[in-house]
Amino acid sequence: MRLRTHARTAAVALAAALALTACGGDTSSDGGGDSLADVSGEQDPTQGTVLDTPFAKPAITLTDTEGEPYDLVAETAGHATLLYFGYTNCPDVCPLTMSNIGNATAGLTPEQREDLRVVFITSDPERDTPESLGPWLRAQGEDFIGLTGDFDTIQEAARSLGIHIDAPTQDENGTWISTHGSQVLAFLPTDDKAHVIYMEGVTQDTYAADLPGLIEGRTP
């Protein structure tokens, strides 16, 4: 029997420490009060967490990898949607997360894949242009949707979901670092709200087990 852990949205501090990552830099616990949710009791880091209070999808329009406007709410309405904020120069967490999801979606039927949207919103839009974001994302999953745009708009969208991201900075070696929350949010097709979060420790096996139910509108 799978462990089901329900988030307690009143307690937020611990999740900031767990979910914020610099993708190869030091993790930080300075979430600025923007953390998504905490849990009470023990949580299995390899499993998704069902939220007591779901989050609405951000009403934003960004630019997709074809250079076209993409209205997140309209384009994903009625579809199970996985949403992740990250950046292509990330050396570890971002490619691992997206490849885990990509490997999990490979086991879906064509009909199931048609009903699923996997959306990657860059936290480093100055460097992640549509031209550079497209090839990187297609290497993770050919149907994945990549979005870029104004940083302030992206940051506000993330904040509305309790995910903290900072403006990218350069380290002493000239490497660009984008500190961002590492959660994947799962929106159900029944109400277009995020009912489940997946943290950094979630494996492709968990995504593979959960996706068919999410596509049908069920939480794990």
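That block above? That's the structure.
Everything quoted here is computed from the prediction, not taken from an experiment.

Visitor: How should the pairing of strand E13 (residues 184–187) be read in this particular structure?
Guide: Look at any regular strand and the pattern is simple: side chains alternate between the two faces of the sheet. Going residue by residue along E13, you find Val184 and Ala186 tucked away on one face and Leu185 and Phe187 tucked away on the opposite face as well. With four bridges connecting them, strand E7 (residues 80–86) and E13 associate as antiparallel partners. Within E13, the residue paired with Leu82 across the bridge is Ala186. Sheet analysis places E13 next to strand E14 (residues 193–198), joined by four bridges and oriented antiparallel. Counterpart to Ala186 in the pairing with E14 is Val196.

Visitor: Got a minute to help me understand unusual backbone geometry in this structure?
Guide: Phi angles above zero are rare outside glycine, and Asp192 is one such case at about 60°. As for its position among the elements, Asp192 is in the loop between E13 and E14. Classification of Asp192 by relative accessible area gives partly exposed; the value is 22%.

Visitor: I tried to follow the environment of Pro95 on my own but got confused; where do I start?
Guide: Structurally, Pro95 is set in helix H3 (residues 93–105). For the pair formed by Pro95 and Gln140, sequence separation is 45 residues and the distance between their alpha carbons is 7.5 Å. Not counting chain neighbours up to four residues away, the residues in contact with Pro95 comprise Cys90, Trp136 and Gln140.

Visitor: Would you mind going over helix H6 (residues 151–160) with me for this structure?
Guide: Two residues of an α-helix separated by three or four positions point the same way, owing to the 3.6 residues in each turn. The set of residues buried in H6 consists of Phe151, Ile154, Gln155, Ala157 and Ala158. Projection of H6 onto a plane perpendicular to its axis shows the buried side chains occupying an angular sector of 160°, all on one side. Looking at the buried positions of H6, the neighbouring elements they touch are strand E5 (61–64), E7, strand E8 (116–122) and strand E9 (145–148). Where H6 begins, one side-chain oxygen reaches toward the backbone nitrogen of Asp152, 3.2 Å away; that side chain belongs to Asp150. Taken from the residues just after H6, Gly162 is the one with a positive phi, measuring 75°.

Visitor: Please explain a negative patch on the surface as it appears in this structure.
Guide: A surface patch of like charges, here negative, comprises Glu111, Glu114, Asp115, Glu142 and Asp143. Within the secondary structure, Glu114 sits in helix H4 (residues 110–114).

Visitor: Explanation requested: the packing of aromatic side chains in the structure shown.
Guide: Aromatic ring pairs are described here by two measures, namely the spacing of the ring centres and the angle between the planes. Within the structure shown, the criterion is met by three aromatic pairs. Their ring planes at 50° and their centres at 5.1 Å tell us that Phe120 and Trp136 sit as a pair that is tilted. Highlighted residues: Phe120 in strand E8 and Trp136 in helix H5 (residues 130–138), separated in sequence by 16 residues. Across the pair, exposure class does not vary: Phe120 and Trp136 are buried alike. Between Tyr198 and Tyr207 the ring centres are 4.9 Å apart and the planes differ by 50°, which places this aromatic pair in the tilted class. Three or more aromatic residues joined by ring pairs form one cluster here, namely Tyr84, Phe120 and Trp136.

Visitor: Where do I start with the pairing of E5 in this structure?
Guide: For E5 and strand E6 (residues 69–71), the ladder comprises three bridges, and the chain directions are antiparallel. Considered in E6, the bridge of Thr61 is made with Asp71. The hairpin formed by E5 and E6 contains four residues between the paired strands, and Gly67 there has a positive phi angle of roughly 80°. Relative to E9, E5 runs antiparallel, the two sharing two bridges. Its bridge partner lying in E9, Thr63 is registered against Thr148.

Visitor: Would you mind going over the environment of His195 with me for this structure?
Guide: Here His195 shows up in strand E14. Since its relative accessible area comes to 15%, His195 is described here as buried. Once the C-alpha coordinates of His195 and Arg218 are considered, the two residues, 23 residues apart in sequence, prove to be 9.3 Å apart. At 2.8 Å, the side chain of His195 forms a polar contact with the side chain of Asp191.

Reading the values: rules and limits
All residue numbers here refer to positions counted from 1 along the written sequence of the relevant chain. Two thresholds apply to this predicted model, a pLDDT of at least 70 for residue-level local features and 80 or more for giving and counting side-chain atom pairs, whereas whole-chain, interface and lining totals are computed over all residues. Water and hydrogen atoms play no part in the side-chain values, which are based on all heavy atoms of the structure. Each residue is assigned to one of three classes by its accessible area relative to the maximum for its type, calculated with a 1.4 Å probe on protein chains only: buried under 20%, partly exposed between the two thresholds, exposed over 50%. In DSSP terms, a helix is any run of H or I states spanning at least four residues, a strand is any run of E spanning at least two, and both are numbered starting from the N terminus. Strand pairing follows a simple DSSP-based rule, namely that at least 2 bridges must link the two strands. In what follows, residue pairs with any heavy atoms lying within 4.5 Å of each other are defined as contacts. The directions considered for the arc are those from the helix axis to the C-beta atoms. Whenever two N or O atoms come within 3.5 Å, that pair is a polar contact, provided that in protein one can donate a hydrogen and the other can accept it, and provided that, for residues adjacent in sequence, both atoms are side-chain atoms. Residues qualify for a patch when their relative accessible area is over 30% and they have no salt bridge, like charges being joined within 9 Å and the nonpolar side chains of Val, Leu, Ile, Met, Phe, Trp and Tyr within 5 Å. Exposure was quantified through the Shrake-Rupley algorithm and a 1.4 Å probe, taking into account, for residues, occlusion by the shown protein chains and nothing else. The salt bridge criterion pairs a side-chain nitrogen of Lys or Arg with a carboxyl oxygen of Asp or Glu, the two atoms within 4 Å. This count recognises Lys and Arg as positive and Asp and Glu as negative, with His and chain-terminal groups excluded. By convention, the charge on Lys lies at NZ, on Arg at CZ, on Asp at CG and on Glu at CD. Pairing of aromatic rings covers Phe, Tyr and Trp, the last counted by its six-membered ring, and requires centre-to-centre distances within 6.5 Å; plane angles under 30 degrees mean stacked, over 60 mean edge-to-face, and any other angle means tilted.

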